Amino acid sequence: MADGRAQVYQTRGILRRNGEGQMKGSTVLYATTASLAIACPLVTMMCLSLFASFAVLLFASPLLLIFSPLIVPAAVLLGGAVTAFALATLMAIAGISAFSWIYRSLARKPSLQTSVRGMDGGPTMVTEAGFEAKGPDTILSADGQVQKKVQVGALS
């Protein structure tokens, strides 16, 4: 182009101007040298680690075969001990929860909550303290005790 405009051409779907996007040979050489300087020690360490693990496997295999009559029962015993400690922990948690529930139920004051049991001759009211009062004229005090009752009976 004689008028000085840059020529635009397309290479693999990328628009480029004249001379742009091209690497020099020295840049490619430096990048290759840097990648080899990083990758070679890593590959060497990986190979050494692989060969060391093979050597340990070759050394440990006969020992494992010789001592397996002792190792297997020891592993079973260790597994049983871990299971027993886990069960003991679960039972301790269950026992603490039961004692906590019993303590809370004994330490709780009777409340005003009542339940209606039947409709024969009026509703039957039962307090949390265990009192049963029959009749429509039943009045409970603030502490859950029956003040006025028509008929009082035992829980059935």
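It should be emphasised that the depicted structure is a prediction, and the values quoted were computed from it without experimental measurement.

1. Thoughts on the overall build of the protein
- Looking only at helices and strands, the protein has 1 helix and 8 strands in total.
- Reading the secondary structure of the protein in the N-to-C direction produces β-β-α-β-β-β-β-β-β.
- A burial count over the protein gives 8% of its 156 residues as buried.
- Across the protein, every contact between residues at least 6 apart in sequence was considered, and the portion connecting residues at least 24 apart equals 15%.

2. Things to note about a nonpolar patch on the surface
- Together, F59, L63, L64, I66, F67, L70 and I71 line one region of the surface with nonpolar side chains, adding up to about 740 Å² of accessible area.
- Within the secondary structure layout, L64 lies in helix α1 (residues 25-107).
- By relative accessible area, which is 52% here, L64 ends up exposed.

3. Quick word on α1
- Here α1 is 83 residues long, yet its end C-alpha atoms lie only 89 Å apart, well below the 123 Å a rise of 1.5 Å per residue gives.
- The largest bend along α1 reaches roughly 70° and is located at S68, with the proline P69 sitting one to four residues downstream.

4. Quick word on the confidence of the model for the protein
- Scored by pLDDT, the protein comes out at a mean of 75, with 56% of its residues at no less than 70.
- Per-residue pLDDT, averaged within each element of the protein, yields its smallest value for strand β3 (residues 114-116) (47) and its largest for α1 (92).
- Low pLDDT (under 50) marks residues 112-120, which in the prediction has 24 contacts with non-local residues, meaning those over four places away or in another chain.

Calculation criteria
Residues numbered from 1 in each chain as written. Predicted model: local features only at pLDDT ≥ 70, side-chain atom pairs only at ≥ 80, totals over all residues. Heavy atoms only, no water. Helix = DSSP H or I, 4+ residues; strand = E, 2+ residues; numbered from the N terminus. Buried < 20%, exposed > 50% of the residue type's maximum accessible area, 1.4 Å probe, protein only. Contact = heavy atoms within 4.5 Å. Patch = residues over 30% accessible without salt bridge, like charges linked within 9 Å, V, L, I, M, F, W, Y side chains within 5 Å. Areas by Shrake-Rupley, 256 points an atom, 1.4 Å probe, with all protein chains shown as cover. Salt bridge = Lys/Arg side-chain N within 4 Å of Asp/Glu carboxyl O. Expected span 1.5 Å × (residues − 1). Bend = angle between axes of the 7 residues up to and from the residue. pLDDT = per-residue confidence, 0-100.

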